[in-house]
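Topology and contacts: notes
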Amino acid sequence: MGYAPGMTRPRLIRLLVALGILVVGGWLLRGYTTDDTYIHLRYARHLLEDGQIAFNPGEPTYGATSPLWIFGLALLLKLGLAPAVAAWALGALCGVAVILLADAILCRFTYPDTWKTVVLAAIAADPWFLRWTFSGMETPLATLALLVLVWPMVSGRDLGWGVTREPLWRRYLGWGVAAGLAGLIRPEFLLLAPAALPVLLWFEYYRASAVGGVHARHRARPPAPAAAAIVGWLLTVGPWLLYAWSVFGRALPDTAAAKSGSFLADPVALLRALGQAAGPLLAVQGFYLLAPALLVVLVLTRQRDPNDFEPGPDADGPDAPAALETPPGDGSPRDMGAWSVWGPVAFVGIVVIWTVMLLGGYAARQVWVISRYVSPLAPVVLLAASLVVEWLLHGPGLSAAARRAGHLMVLVCLVAGLGVNAWIFTAQVLPHARAFPAGLRGCYGEIAAWLRTELEPGQTVAALDIGAVGYLSERRVLDLMGLVSPSVRELGRQQGFEAMVASGAWLRAEPGHPPVFLVDRTDGPPRWDGRTVEGYRFALERTCLLPGVGLRESQPWTVAVYRIIPVATVASPPAGG
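Residues numbered from 1 in each chain as written. Predicted model: local features only at pLDDT ≥ 70, side-chain atom pairs only at ≥ 80, totals over all residues. Heavy atoms only, no water.

Below, the discussion takes up the pairing of strand β5 (residues 515-522). Most of β5 is tucked away: seven of the eight residues are buried. Across four bridges, strand β3 (residues 460-463) lies against β5 in parallel orientation. When the bridges of β5 are listed, Ala 462 appears paired with Leu 518. Note that β5 and strand β8 (residues 557-566) share six bridges and pair antiparallel. Following the sheet pairing, Phe 517 is matched in β8 by Arg 563. (Buried < 20%, exposed > 50% of the residue type's maximum accessible area, 1.4 Å probe, protein only. Helix = DSSP H or I, 4+ residues; strand = E, 2+ residues; numbered from the N terminus. Pairing = 2+ DSSP bridges.)

Laid out in structure tokens, this is it:
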């Protein structure tokens, strides 16, 4: 059998610490929701009521990022949970699963248990992870998916899956299914998951050779597991892509098109966009990533002193019990040899590939990146950084003094990183999480209730923020961001979304459903009152203030409701003329 770590005291302690952080974060963030949460809930409601993936009843649209999240919400709603409870519970369950799987991966790492406790606590204390886990959004499920996709790196390490266990193709058939499901959580994962496969198969081949000898290589050759992974991926994604194309007319969600622009060709502009894309990740991971960078400098610059040499812990050294308290497999030298160098290299390689692809893709497509887009990367990035730190600190070549200096550097970076994350959570995330839902209910909630009385079923309201307005009013919505309104999306792609909204071209986007009201949001005074555009006059009906919609848009916003009144384009003849 493969190695199955038991519930040792150190492991129990680190799980209690990490889950305790998650529970405290969940308690402090209770009641937090976003406008996009209501979009998922409206899709889930119509899936149950009409059997359609649609925001507006009877109009299927691919305007939700995560079909799998919608299915999960629909299941919990079917079981009788209230909508807000269903969204919170699904996020909390995924958050717990992230902690448990990250711990299972750490059990296969070879550094001391104290390190594992700190790493797991840092994963749990990530302010973006806490924020989005309890927001009702799909982010914690996406985080879990990425951890599942690196699981083959650390599981079944004792003698190699291609040597003494079942054929590799069975294992990678399951991996392919998991990779396909990941693509139904976030569209970016349709590319990220396959990118990891070559590295995984290379390591399987190396591992079989290392633990079974040259004659075992044939059992880990890549064609069969690669084909099985592709089949598993296609079995999961293929039917959905065919369904999406036949029903929605597109294979990718409209959110991908609405939130991106043309490809950047200017290198300078691309670098600026890359900095913006990396910003949310570096804000919470920057000090952690500084530790391996400083250690690289230390290793390259410190002169070796043969008289002061101190070997790092290894399987044969006196420090082995401390460093290898949870050895994989039988703990044999050949077992550890399969992982000792190339295992971490492969793990880090996958994480680097994912980070470059995700951040580079966002930058090249000019996507304005917010924290929930990159938050799923954080745990795997932190795990990869910890492997690099272990290798640099405990590898051969460092003197005792240099090793002590390295440990001090790592400690300072850890304390600084935890401190920055605690500050981000308490000074930014928590105030926003308390103020925004109250403002959302008080502002958009009251507007939605008013619209429900003013509009007949089937009549349309145009809106910039469609979640709470659509879900709570139960009226048809024309989405000015184009996420659930394909005709508006096409106008926005042609003219630019800001210019399209300001011009009023959206008024003619759906001739069969002319909007009766507009719900606008601006950081200045109401901007449409009294204007006549495209043959319609805008009359201000009511306004309210909404707290900042995000941490980087923290200013209060004015939400205004306008009645859209058709204006006669031909003057009536004078009486008696």
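Look at helix α8 (residues 168-183) against helix α10 (residues 223-248): their axes get within 7 Å of each other, and the N-to-C directions meet at 35°. Where α8 crosses over α10, the handedness of that crossing is right-handed. Here Leu 168, Trp 169, Tyr 172, Leu 173, Trp 175, Gly 176, Val 177, Ala 179, Gly 180 and Leu 181 of α8 come into contact with α10, specifically with Ala 224, Pro 225, Ala 228, Ala 229, Val 231, Gly 232, Trp 233, Thr 236 and Val 237. Of the residues in the contact of α8 with α10, the class split is 15 nonpolar, four polar and no charged. (Axes fitted to C-alpha atoms, helices over the stretch in contact; angles between N-to-C directions. Left-handed = near helix turned anticlockwise from the far one by under 90°. Contact = heavy atoms within 4.5 Å. Nonpolar A, V, L, I, M, F, W, Y, C, P; charged D, E, K, R; others polar.)

We now examine the packing of aromatic side chains. Each aromatic ring pair is specified by the distance between its two centres and by the angle formed by the two planes. On inspection of all chains with the given rule, the structure shows 20 aromatic pairs. Taking the centre distance of 5.7 Å and the plane angle of 45° together, the rings of Tyr 38 and Tyr 471 count as tilted. Taken together, the residues Tyr 38 in helix α2 (residues 35-50) and Tyr 471 in helix α19 (residues 467-473) connect sequence positions 433 residues apart. Grouping residues by exposure puts Tyr 38 and Tyr 471 together as buried. (Phe/Tyr/Trp six-rings, centres within 6.5 Å; stacked < 30°, edge-to-face > 60°.)

Where two cysteines share a covalent bond between their sulfur atoms, that bond is called a disulfide. Overall, the coordinates contain one disulfide when judged by the stated rule. There is a disulfide in this structure between Cys 443 and Cys 544, and the S-S distance comes to 1.8 Å. Sign of the S-S torsion, about 60° for the bond between Cys 443 and Cys 544, identifies this disulfide as right-handed. Residue Cys 443 is found in helix α18 (residues 400-454), and its partner Cys 544 is found in strand β7 (residues 536-546); the two are separated by 101 residues along the sequence. (Disulfide = S-S within 2.5 Å.)

All right, on to the nonpolar core then. Core analysis: the largest hydrophobic core is formed by 141 residues, its most contacted members being Phe 347, Trp 354 and Val 519. Broken down by element, this core gets its largest block of residues, 14 residues, from α18. Non-local contacts of Phe 347, meaning those with residues more than four positions away in its chain, are made with Ile 105, Phe 109, Val 150, Met 153, Val 380, Leu 383, Ala 384 and Leu 387. Listed in part, the 21 residues of the second largest apolar core include Ala 462, Leu 464, Leu 491 and Leu 507. (Core = buried A, V, L, I, M, F, W, Y, C linked by side-chain atoms within 4.5 Å.)

Now for the sheet that holds β7. If you trace the six strands from one edge of the open sheet to the other, you get β4-β3-β5-β8-β7-β6, paired in mixed fashion. Looking at strand neighbours, the two that pair on one side only are β4 (476-479) and β6 (532-533), the edges of this open sheet.

Time to look at the side chain of Arg 45. Within the element layout of this structure, Arg 45 appears in helix α2. Under the relative-accessibility criterion, Arg 45 is labelled buried at 17%. Those residues in contact with Arg 45, other than ones at most four positions away along the chain, are Leu 77, Tyr 471 and Glu 474.

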